Structure formats: C-alpha cells, structure tokens
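Geometric and topological summary
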Amino acid sequence: MSKYIVRNNGPLKGQINISGSKNAVLPLMAASLLTSEKCEIYDTPALRDVDVMCSILRRIGGNVQFDKESNCVEIETQEIIYNGADTELASRMRASILVMGPLLARTGRATIALPGGCAIGARPIDLHLKGFEAMGVKIWEKHQDGFDYVEAEVDKLKGCDIYLDFPSVGATENLMTTAVLAEGITTIQNAAEEPEIVDLANFLNKMGARVKGAGTDTIRIEGVKTLHGTRHNVIPDRIETGTFMLAAAITRGSIRLNNAVASHVKPLTAKLRECGAEVVEEDDAIIVNAEGKKLVSTNLKTLPYPGFPTDLQSPFMSLLITTEGRGTVIETVFENRFMHIAELQKMGAQIDYSDRKAVITGNKNLRGAAVKATDLRAGAALVLAGLAAEGTTQVEQVYYIERGYENFVEKMSSVGADIEYIE
Ligand code: EPZ
C-alpha cells in the first residue's frame, strides 16, 4: 500500500509550475475519436487517469503515443475496432463514460461498462442518457458477469433542444461531442460552464465543429459532416492551482504559481482574501502570501462553476482547522463528499457535520496521525493538514492522489515540504 510520510517543515516558500488540467484533457482525448485523422494534445499531464484513457482509446482502435517528457499525447484512430470501454478499464476510471458520445457520433454504437458509485457519491449517468435519447439514441441497460453495461445504438443523430436538470460537467461534455456530428442544431440548456467545457469547445471548433456559447449556460451546436485532426494545448489545472494556493495558506508561507489562470480560481481567491491571505493575480501566475498572517475562518458553499469548486472543498476544510474562529462548509454538488472529516478528526480537528453541512472550529493544533485518502482531493487535503500538524502524518492510499496530481511529491518538496513517498 503506497503512502506519504508528511512532516511539518514550516512555511512553504518558492514557486511551482502548474501542469495541464486532468479534467480538461480527458474529454479532449475522448473527442479525438471523432476523426480518423491525428490529434496532438500538448501540456498533457503524466497522470494515471491519462494512462487509463490511453488504454481505453487503444482498445477502441486508436494509435496512441504519449511522450511524458514533452507532455504530448498523439492519438490517431483510423478505424474503430471496439465500440466501447470494457469492465476492467471502465472500473478504473469513471471518466471512461466520456467515450460514449464520440463513439455514437462516429459509429452509431457504444457499449460502456458502468463502474459503480465511488467514495463521493453514486455518480449516475441519467442526464447523459436522457440527452442521447433526445438525439434519437436507443439505450439498453444490461447486467452481465456482475457488471452493469449500457448499450446504445442510433441510425442518425438528430440535433434537438436538451435541458439538463443539473449542469453536469460530464453530461455536457458527452452531449457536445455527440451533437457536433448530429444533423441540425442542438442546444444544451442549463449546461455546465466550467473552463474545461470551454477548452473542449475550442478543441472541437479547431477540428471543424461549430460550437457556440461554451462557458455560458446555453451551448448551441450546428452539426457538420466530418471533423479533421488538430493540435491543441490543454488549459492549466485550476484544481492543482487551488491545492497549492491552499498549501501556501495553511503553512503561512508564500508560493508563486506559474502558468496559473487567475480567472479560473476566482472563488478560492475571494475566500483566501476573506481569511486574510494576500493573493496577487498576474497575467499567467498567482502569488499567495500568508507569511506571518493570522488567518480567520470563513464560510463556503460548493456550487457548479463559477461557484466554489467541490474539488477544493476538502483542501479548504483543512485550512479552516488552522484559522481563528468557526467556519461552515456546505457541499451541494456531491451527496457524500465528507469522507475526509473522520480522517481529519484523527488529527485533532473539531468538525461537527450532517450530510451536507460541516462546522469547523478553528485554531486547533493538528497532530500527526495515520490517515487514509478516500478520493484524490481528500488525499490532498490530508497532506495539507500534515504540513501544518505537529509530528508525523502518514497518508495511505495515495494512488488516489497520483491519479490527479502530476509530480505531487516533487512539487511539494520544491517549496520546502517534508514529504516522502513510501511503496
Ligand atoms: C467532473 O465529474 C469532474 N471529473 C469531477 O472531478 C468534479 O468534481 C465534477 O465534474 C464536478 O465539478 C472530471 O471532469 C473527469 P458532474 P462529473 O456530472 O462530470 C450528478 C476530481 O476530483 N449527476 O458534474 O462526474 C452527480 O451525481 C473529480 O477531479 C447526475 O445526477 O461531475 C453529482 O452529484 C471528482 N446525473 C453532480 O451531478 C448525471 O447524469 C455533479 O456531477 C450526471 C451527474
């Protein structure tokens, strides 16, 4: 069982280069299936989830070359030899569902194994399926060898108006990558507005698609006949950015984040300023300075973009344990994203919580303990807590963290963190 040993080594200082976004590159890689020509995606982070997506695309018939030195992944799928993602691969990553839209658009068929829920919630795909059906797709749900599958078929995809009951990121991405090759106009209303949606729209338009309105709650897509290959640079990872901003704050240090996009992390910047940290926004960098500052608690509620991101909820909660006063955290996006609280309590945190709301009594001295990551962001939150705790913290199940943070230990160590990876 791989783990990190984390010790408090005082304020973190220095600078970190932000990697390409995991949650942007996965839909881009899936969208490359929409053409038989080569797509080159630069600034692709070397992450386990990216490796899994490479395997899924190879299984489908893609020629995939991922050069981790240059962070460039080249994908060329001249022929589809398998229309889906099987149980082994799909069970390793929920984002495997993102190949469903491109496969329907390219071949009219898809068979996707559905991994069950995960630590943070049931993760249903009803909104994806409802959108596909609106475009004329026939859907069957099957159960075989202990796994749930979705089979889907369509003769001709028809553009239509789709309203999403919830601005689901994955459903918006899946429906975008289907509608680009559908006949006629598709509008996606109550669409997700995340920066990753905008990056996907830019990628699709460079392939010859006609997508308008990405980044707003209504996306309009005019179907075209074919799409061609393209080159694209993935946007920087706003959740990695936020995680390191919080590392500076929780250690009362000062870190400069290069290649960060300030407009992508506005809610966190606002909250850190409410706590009393200094945040300087430059064109392509962010500096967080909490040196010598007495930070105070604040309240937050997670919401779909442009609200406070659910992925930074647990790392922010770690900070609130160390600030003066009492803070509340309300999680509205996932139904079970407080699994890290029990682990933080082992470190001395005082947190009272119900299913969606947590009250954190601040100014507590954290003490090192053996704790477990329950999802990749909760794992990062426990490392942050360990950086501020007295004594040694052992974080187990760090494969979660390795899924979503490129060179996490190296980057943390480069600004002075005492963190060691143990097999
Ligand atoms: C994406 O997941 C991200 N993953 C998640 O990041 C992120 O937390 C989430 O968006 C919200 O921002 C990737 O982009 C690969 P959703 P996704 O569909 O698309 C419900 C991380 O840490 N829902 O917006 O799965 C769902 O249950 C990961 O990097 C339905 O009810 O998120 C959840 O409660 C964790 N029916 C809410 O919507 C559906 O058909 C948000 O889910 C789809 C979703």
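In short, a report on the structure. Predicted model only: the values in this text are computed from it and were never measured.

1. Here's the deal with the overall build of the protein chain
For the protein chain, the helix and strand inventory stands at 14 helices and 24 strands. Computed over the C-alpha atoms, the radius of gyration of the protein chain is 21 Å, within 12% of the 22 Å expected from 2.2 N^0.38 for a compact globule of 423 residues. In terms of overall dimensions, the protein chain has C-alpha extents of about 60 × 40 × 40 Å along its principal axes. Within the protein chain, buried positions represent 60% of all 423 residues.

2. Observations concerning the packing of aromatic side chains
Within this structure, the stated rule accounts for 7 aromatic pairs. Here the aromatic rings of Tyr4 and Phe408 are separated by 6.0 Å at their centres, their planes lie at 20°, and the arrangement is stacked. One end of the pair, Tyr4, is in strand E1 (residues 3-7); the other, Phe408, is in helix H14 (residues 408-414), with 404 residues separating them in the sequence. The burial state of Tyr4 is the same as that of Phe408; both residues are buried. Taken together, a centroid distance of 5.7 Å and an interplanar angle of 80° make the contact between Phe308 and Phe316 edge-to-face. You'll find Phe308 and Phe316 in the same group, each marked buried. Through a chain of ring-to-ring contacts, three or more aromatic side chains come together here, namely Tyr4, Phe244, Tyr405, Phe408 and Tyr421. One Lys or Arg, Arg59, reaches over the ring of Tyr82 and ends 4.0 Å from the middle of that ring.

3. Considering the sheet that holds strand E21 (residues 357-361)
Strand pairs in the sheet, formed through backbone hydrogen bonds, run parallel or antiparallel to each other. Pairing in this open sheet of 4 strands is mixed, and the strands run E18-E19-E21-E20 from one edge to the other. Where the open sheet ends on each side, the last strands, each with one partner, are strand E18 (300-301) and strand E20 (350-353). The pairing of E20 with E21 spans 4 bridges and is antiparallel. Its bridge partner being in E21, Tyr353 is matched across the sheet by Ala358. Helix-sheet contacts for helix H11 (residues 339-346) involve E20 and E21, and the interaxial angle to E20 is about 150°.

4. A word on the site of the ligand
Neighbouring residues of the ligand: 20 residues in total, closest Asp126, Leu127, Ser168, Asp311 and Val333. Contact distances for the ligand include 2.7 Å between a nitrogen atom and a side-chain N or O atom of Asp126. Between an oxygen atom of the ligand and a main-chain N or O atom of Val333, the distance comes to 2.6 Å. Surface burial for the ligand is 85%, taken as the share of its 820 Å² of free accessible area covered by protein chains. Element by element, the count of residues in the shell around the ligand is highest for helix H5 (residues 126-134), at 3 residues. Residue classes in the shell around the ligand are distributed as 9 nonpolar, 5 polar and 6 charged.

5. A closer look at helix H12 (residues 376-388)
Look at H12: 19 Å from first C-alpha to last across 13 residues, which is about the 18 Å you get at 1.5 Å a residue. Within H12, 13 of the 13 residues are buried, which leaves the element mostly enclosed by the surrounding structure. Put simply, Asp375 is the residue that caps the front of H12, since its side-chain oxygen is 2.7 Å from the backbone nitrogen of Arg377.

6. With respect to the environment of Ala260
Along the chain, Ala260 turns up in the loop between strand E15 (254-258) and helix H9 (266-275). Between the alpha carbons of Ala260 and Glu281 there is a distance of 9.2 Å; along the sequence they are 21 residues apart. Those residues within four positions of Ala260 in sequence are excluded, and the remaining contacts are Ile18, Thr241, Asp283, Asp284, Ala285 and Ile286.

7. Details of the pattern of salt bridges
Any two side chains of opposite charge can pair, given that their charged atoms come close. Tallied over the full model, the rule gives 26 salt bridges. A salt bridge links Lys68 to Asp51; the nearest nitrogen and oxygen atoms lie 3.0 Å apart. One end of the pair, Lys68, is in the loop between strand E4 (63-67) and strand E5 (72-76); the other, Asp51, is in helix H2 (residues 48-60), with 17 residues separating them in the sequence. Ionic pairing is found between Glu324 and Lys294, a salt bridge with its closest N-O pair at 3.6 Å. Taken together, the residues Glu324 in the loop between helix H10 (313-322) and strand E19 (326-330) and Lys294 in the loop between strand E17 (285-289) and E18 connect sequence positions 30 residues apart. The class for Glu324 is partly exposed, based on a relative accessible area of 31%. Residue classification places Lys294 among the exposed positions, given a relative accessible area of 66%. Look at the salt bridges and you will find they share partners, linking Arg7, Asp418 and Glu420 into a network.

8. Topic: the packing of helix H1 (residues 22-31) against helix H7 (residues 195-206)
Viewed as axis vectors pointing N to C, H1 and H7 meet at an angle of 30°, and their least axial separation amounts to 9 Å. The pairing of H1 with H7 is recorded here as roughly parallel in orientation. The handedness of the crossing between H1 and H7 is right-handed. Counting all contacts with H1, which are made through Asn23, Ala24, Pro27, Leu28 and Ala31, the residues of H7 involved are Glu196, Asp199, Leu200, Phe203 and Leu204. When the residues that make up the contact of H1 with H7 are grouped by side-chain class, the tally is 7 nonpolar, 1 polar and 2 charged.

Reading the values: rules and limits
- Residues numbered from 1 in each chain as written.
- Predicted model: local features only at pLDDT ≥ 70, side-chain atom pairs only at ≥ 80, totals over all residues.
- Heavy atoms only, no water.
- Helix = DSSP H or I, 4+ residues; strand = E, 2+ residues; numbered from the N terminus.
- Rg over C-alpha atoms; globule rule 2.2 N^0.38 Å.
- Buried < 20%, exposed > 50% of the residue type's maximum accessible area, 1.4 Å probe, protein only.
- Phe/Tyr/Trp six-rings, centres within 6.5 Å; stacked < 30°, edge-to-face > 60°.
- Lys NZ or Arg CZ within 6 Å of the ring centre and 35° of its normal.
- Pairing = 2+ DSSP bridges.
- Contact = heavy atoms within 4.5 Å.
- Axes fitted to C-alpha atoms, helices over the stretch in contact; angles between N-to-C directions.
- Near = heavy atom within 4 Å.
- Polar contact = N/O pair within 3.5 Å; in protein donor to acceptor, adjacent residues only side chain to side chain.
- Areas by Shrake-Rupley, 256 points an atom, 1.4 Å probe, with all protein chains shown as cover.
- Nonpolar A, V, L, I, M, F, W, Y, C, P; charged D, E, K, R; others polar.
- Expected span 1.5 Å × (residues − 1).
- Salt bridge = Lys/Arg side-chain N within 4 Å of Asp/Glu carboxyl O.
- Parallel < 35°, antiparallel > 145°, perpendicular 65-115°, else oblique.
- Left-handed = near helix turned anticlockwise from the far one by under 90°.

Functional significance is not addressed by these values, which are geometric in nature.
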